[in-house]
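Residue strings, one per chain:
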Amino acid sequence: MNRKPLIAGNWKMNTTTGEAVSLVTQMLPELERIKDVEVAIFPPFVSLAPVYDLLAYSSVSLGAQNMHYEEKGAYTGEISALMLKSLCKYVIIGHSERRQLFGENNEIINKKLKKALQAGITPILCLGETLEHRQAGLAEETISYQLKSSLGDIPGIEYTVIAYEPIWAIGSGINAGADEVCQIMDVIRKTIAELYGKAAANSIRLLYGGSVNNINAGEYLSRESIDGALVGGASLKADQFIGIVRQACQTGI
Ligand code: 13P
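Residues numbered from 1 in each chain as written. Predicted model: local features only at pLDDT ≥ 70, side-chain atom pairs only at ≥ 80, totals over all residues. Heavy atoms only, no water.

Asks: Would you mind going over the layout of surface pockets in detail, with residue names and values included?
Replies: For the largest pocket, the calculated volume is near 500 Å³. Taken together, 20 residues form the lining of the largest pocket, with Lys12, Met13, Gln65, Asn66 and Arg98 sitting closest to its centre. For the lining of the largest pocket, the secondary-structure elements that each account for two or more residues are α2 (45-55) and α4 (96-101). Broken down by element, the lining of the largest pocket gets its largest block of residues, three residues, from α4. Tallied by class, residues from the lining of the largest pocket come to 10 nonpolar, six polar and four charged. (1 Å grid on protein atoms, 1.4 Å probe; cavity = no way out; pocket = protein on both sides within 12 Å on 5 of 7 lines; lining within 4 Å. Points joined across faces, edges and corners; volume = space filled by probe spheres on them. Helix = DSSP H or I, 4+ residues; strand = E, 2+ residues; numbered from the N terminus. Nonpolar A, V, L, I, M, F, W, Y, C, P; charged D, E, K, R; others polar.)

Here it is in structure tokens:
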């Protein structure tokens, strides 16, 4: 199955608009030279429009870090899929920081997924277990539960991307072992096959996220079942991010 590798940079709540423009300007010439790997960046909302202009004729995709499930109305401070769709190809849904710090549950995530798909924005659905669950041997069960309940009654998920981000590996410098990640990827693909059939399971791209950097990226990207990475901290450093994208290109996943 030919799944194009995807390296996604989640900038989280970092960079002013000026810094975002300058980071993209710095990385773009090098990123443009790398073929056969899709690169997507996820700056804060306020930088989406200026970064969109910079990326206009480039192969680099743009995405948002979150969205609300309603289209419009009295939801002070929120941004809808309707507002994002002219700017973004992707939207991150259900990041563990949203789940832990902003009370997002699988039901809310399901509503967001539906709205994103309706608007023609590809969701990157994030799943991940806590350290307690991992240590109790419940990682696979947790992921499968999160996946099934977030997808709920969604009829098809052809273009969805799923990111496995164990919570204990995010921003900690303790990246998960590639074998551990592959085991979870198998659980995800098996669950997708049960819900949507084998073709969907084979075509969906699965990313790993959690302390990925330009030193350890190759461990994941060389594995058949890992189709790319969702990168946090290292995506804010031009040389690191470019290094990760180059490794995706070299390993030819
Ligand atoms: P770090 O790469 O900083 O661990 O963050 C991972 C992440 O949360 C990406 O969404």
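Asks: Got a sec to walk through the side chain of Ser80? Specific residues and values, please.
Replies: Note on placement: Ser80 falls in the loop between β3 (61-64) and α3 (81-84). Each residue touching Ser80, except ones within four places of it in the same chain, is listed here: His68, Glu70 and Glu71. (Contact = heavy atoms within 4.5 Å.)

Asks: So what about the environment of Cys182? Which residues, and what values?
Replies: Assignment of secondary structure puts Cys182 in helix α8 (residues 178-196). Sequence separation between Cys182 and Ala163 is 19 residues; the distance between their C-alpha atoms is 12 Å. If near-sequence neighbours (up to four positions away) are discounted, Cys182 is found in contact with Arg223, Ser225 and Ile226.

Asks: How would you summarise the packing of aromatic side chains if you had to cite specific residues and measurements?
Replies: What the rule picks out here adds up to three aromatic pairs. Taking the centre distance of 6.4 Å and the plane angle of 45 degrees together, the rings of Phe42 and Tyr90 count as tilted. Pair noted here: Phe42 is in strand β2 (residues 38-42) and Tyr90 is in strand β4 (residues 90-93), with a separation of 48 residues, a long-range link. Like Tyr90, Phe42 is buried. Aromatic side chains Tyr208 and Tyr220 sit 4.4 Å apart centroid to centroid with 25 degrees between the ring planes, which places their arrangement in the stacked category. Residue Tyr208 is located in strand β7 (residues 205-209), and its partner Tyr220 is located in helix α10 (residues 217-221); the two are separated by 12 residues in the primary sequence. The cationic tip of Arg98 hangs over the ring face of Phe102; the distance from NZ or CZ to the ring centre is 4.2 Å. (Phe/Tyr/Trp six-rings, centres within 6.5 Å; stacked < 30°, edge-to-face > 60°. Buried < 20%, exposed > 50% of the residue type's maximum accessible area, 1.4 Å probe, protein only. Lys NZ or Arg CZ within 6 Å of the ring centre and 35° of its normal.)

Asks: So what about the site of the ligand? Which residues, and what values?
Replies: Taken together, the residues surrounding the ligand are Asn10, Lys12, His95, Glu165, Ala169, Ile170, Gly171, Gly210, Ser211, Leu230, Gly232 and Gly233. A distance of 2.8 Å is found between an oxygen atom of the ligand and a side-chain nitrogen or oxygen belonging to His95. Take Ser211: an N or O atom from its main chain is 2.8 Å from an oxygen atom of the ligand. Look at the ligand: alone it shows 310 Å² of surface, and the protein chains cover 95% of it. By residue class, the composition of the shell around the ligand is three nonpolar, seven polar and two charged. (Near = heavy atom within 4 Å. Polar contact = N/O pair within 3.5 Å; in protein donor to acceptor, adjacent residues only side chain to side chain. Areas by Shrake-Rupley, 256 points an atom, 1.4 Å probe, with all protein chains shown as cover.)

Asks: Residue-level account of the nonpolar core, with values.
Replies: Grouped together as the largest cluster of nonpolar side chains are 69 residues, with contacts concentrated most on Ile7, Ile41, Ile162, Ile188, Ile192, Tyr208 and Phe241. Per-element accounting of this core gives the leading share, eight residues, to α8. Within the second largest apolar cluster, 12 residues are counted, among which are Ala8, Ile124, Cys126 and Val161. (Core = buried A, V, L, I, M, F, W, Y, C linked by side-chain atoms within 4.5 Å.)

Asks: Can you explain the side chain of Asn106? Please cite residues and give values.
Replies: With respect to the helices, strands and loops of the structure, Asn106 is situated in helix α5 (residues 106-119). Its relative accessible area of 14% is what places Asn106 among the buried residues. Within the local environment of Asn106, its side chain forms a polar contact with the side chain of Ser149, the two groups lying 3.2 Å apart. Excluding its chain neighbours within four sequence positions, the residues that come into contact with Asn106 are Arg99, Tyr145, Gln146, Ser149 and Ser150.

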